[in-house]
Amino acid sequence: MRILFKAFLLFIWLLRSSNNGAYANDNDLSHSYIVSVSSLIPPTVCNRTRTALPQGPGKVSLEVLGRRLQKAIPDNFKKTKAFTFPAKTGIVAADEYYIVVAIGKPKQYVSLLLDTGSGITWTQCKPCIHCSQQRDPFFDPSKSKTFSKIPCNSTTCKILLEWFPPNGQDKCSSKECPYDIAYVDGSGETGFWATDRMTIQEVNGNGYFARYPFLLGCTDNNTGDQNGASGIMGLDRGPVSIISKTNISYFFYCLHSPYGSTGYITFGKPDTVNKKFVKYTPIVTTPEQSEFYHITLTGISVGGERLPLKASYFTKLSTEIDSGTIITRFPAPVYSALRSAFRKRMKKYKMGKGIEDLFDTCYDLSAYKTVVVPKITIHFLGGVDLELDVRETLVVESVRQVCLGFALLPSDPNSILLGNVQQRGYEVHYDVAGRRLGFGPGNCN
């Protein structure tokens, strides 16, 4: 009855709106979103609703914000029940997500990008040879009573150099234990290993979540750009990540869109009621990829129809979910099929100018008040479906540049990176001990 009533309203609306709207596929509305064009434009003023954070025994929850990176000051740390970490917007309103932690004694506050695709937790340190701009003061090791460098001739350094061999530099050119990390986007940083106290305020206000000594990288040469943040919090399953070093067996987060309320990350299991709504897919564990969160993708649907690629092809691909990657990237066969299916259902709309070299399927919607956008669903092993909202499907620069929010991954024809834009609004659950990853309804959109 609800579907029939909806169809009747749509038919009446179509008759009355022939000059103001257009349908991509009139026979496929049950697998589409009907949206106001004006609602696609992210707000220029940050006016978010505070999200109720998960609480309970054994949990530490932090508030996560996107859009604008604000200075992390001690007063804010003391007054709030959880950290607020707004992120500066990158291109086309694509967010990166951060939290605020304190390092050292006395505490110095730094902003760390949440990255499930990295293991090392690092921050830019004074003195810095070449560092990117950040809003917070640089971490100053000389002011911390608990800071300690890892000696280059130590057993710890020997193990670290085996795990992370320096690239193009002498292993022991100084007394410090060096590191040299490169990322897939071509950026990287060099510095030295150290230990210090890391402090995160508990959401219930009863104290602090603290680890000492905590292994971290002290970066003094950085070729990347963290959009105003101080560094990265590594959340993968590698030997030096915060997950491994603190024996965290379960965590989950909800990353908000530029249109929504605040997000959050929680270290600890959800309550029984909320857990019932989470659908899990296995984490693939092999010696080659055990440190990352690889899951098995089995197909993609556009407008209710699967792409013409066999499930056996998808299951052979290496699919990594990565909170530090913004846009989901596919190898050429997948991206080509997705783009063709999307364009077919959007053929009544005027194509627009692409954005840089990243987005090539864009539309000029300035002539429309309302548009119909096909739903995109990503299917995973175990019957888990990730149905993307329209704001997880499109990336919007302006009403004249509304683009399909996926991109090509030219560097690796056998891999998929599931970025944070397509994770928005869901609770993404990492059951590290159970080796499974889940998606559930979020409370941040």
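Residues numbered from 1 in each chain as written. Predicted model: local features only at pLDDT ≥ 70, side-chain atom pairs only at ≥ 80, totals over all residues. Heavy atoms only, no water.

> Residue-level account of the sheet that holds strand E25 (residues 401-404), with values.
Pairing is antiparallel across the open sheet formed by three strands, whose spatial order is E20-E25-E24. Two strands close off the open sheet at either side, each with one partner strand: strand E20 (362-363) and strand E24 (394-398). Pairing of E20 with E25 involves two bridges; the strand directions are antiparallel. Opposite Tyr363, over in E25, you have Val402 as the bridge partner. In this fold helix H7 (residues 332-345) packs onto E20, E24 and E25, with an angle of close to 130° to the strand it touches most, E25. (Pairing = 2+ DSSP bridges. Helix = DSSP H or I, 4+ residues; strand = E, 2+ residues; numbered from the N terminus. Contact = heavy atoms within 4.5 Å. Axes fitted to C-alpha atoms, helices over the stretch in contact; angles between N-to-C directions.)

> Describe the nonpolar core, with residues and values.
Of all hydrophobic cores here, the largest spans 78 residues; its most connected members are Met233, Phe251 and Phe439. Counting residues per element, this core draws most heavily on H7, at six residues. The residues contacting Phe251, other than those within four sequence positions of it, are Thr116, Leu235, Ile243, Ile265, Thr266, Phe267, Gly268, Tyr293, Val428, His429, Tyr430 and Val432. By size, the runner-up hydrophobic cluster in this structure holds 18 residues, among which are Ile150, Cys152, Tyr179 and Ile181. (Core = buried A, V, L, I, M, F, W, Y, C linked by side-chain atoms within 4.5 Å. Buried < 20%, exposed > 50% of the residue type's maximum accessible area, 1.4 Å probe, protein only.)

> A description of the pattern of salt bridges should follow, citing residues and the corresponding values.
If you walk through the whole model with that rule in mind, you get seven salt bridges. Note that Arg436 and Asp431 form a salt bridge whose closest N and O atoms lie 2.8 Å from each other. Arg436 gets classed as partly exposed once you look at its relative accessible area, which sits at 27%. A relative accessible area of 8% means that Asp431 is categorised as buried. Here the residues in one salt-bridge network are Lys350, Asp364 and Arg400, joined through shared partners. (Salt bridge = Lys/Arg side-chain N within 4 Å of Asp/Glu carboxyl O.)

> Describe the sheet that holds strand E23 (residues 384-388), and please don't skip the residues or the numbers.
Spatial strand order, E17-E16-E22-E23: four strands in an open sheet with antiparallel pairing. The outermost strands of the open sheet, each flanked by one partner alone, are strand E17 (305-306) and E23. Note that strand E22 (residues 376-380) and E23 share five bridges and pair antiparallel. Its bridge partner lying in E23, Phe380 is registered against Val384. The strands touched by H7 are strand E16 (297-302), E17 and E22; relative to E16, the strand with the most contacts, the crossing angle is about 20°.

> I'd like to hear about the confidence of the model for the protein chain, residue by residue, with values.
Confidence in the prediction of the protein chain, expressed as mean pLDDT, is 80, and 76% of residues score 70 or more. The low-confidence segment residues 1-26, where pLDDT is below 50, has 28 contacts with residues more than four positions distant or belonging to other chains. Low confidence marks residues 67-94, where pLDDT is under 50. Its contacts with residues over four positions away, or in another chain, come to 94 contacts. (pLDDT = per-residue confidence, 0-100.)

> Now, about the state of the cysteines: what can you tell me, with residues and values included?
Considering all chains together, one arrives at four disulfides under this definition. Covalently, Cys157 is tied to Cys177 through a disulfide, its sulfur atoms 2.2 Å apart. With the S-S bond torsion at 90°, the cross-link from Cys157 to Cys177 turns out right-handed. Taken as a pair, Cys157 in helix H3 (residues 155-163) and Cys177 in the loop between H3 and strand E8 (178-182) lie far apart in primary sequence, 20 residues in all. Overall, Cys177 belongs to the buried group, its relative accessible area being 0%. Disulfide pairing is shown between Cys362 and Cys403; the S-S distance is 2.0 Å. When the S-S torsion is 105°, as for the bridge of Cys362 with Cys403, the disulfide is right-handed. In this pair, Cys362 sits in strand E20 while Cys403 sits in strand E25, placing the two residues 41 residues apart along the sequence. Cys403 sits in the buried class, given a relative accessible area of 0%. (Disulfide = S-S within 2.5 Å.)

> I'd like a rundown of the pairing of strand E18 (residues 318-321), residues and numbers included.
Of the two faces of E18, both are covered, the one formed by Ser318 and Glu320 as well as the one formed by Thr319 and Ile321. The pairing of strand E15 (residues 294-295) with E18 spans two bridges and is classified as antiparallel. Following the sheet pairing, Ile295 is matched in E18 by Thr319. In this sheet, strand E27 (residues 415-418) lies alongside E18 in parallel orientation, the contact comprising four bridges. Looking across to E27, one finds that Thr319 is bridged to Ile416.

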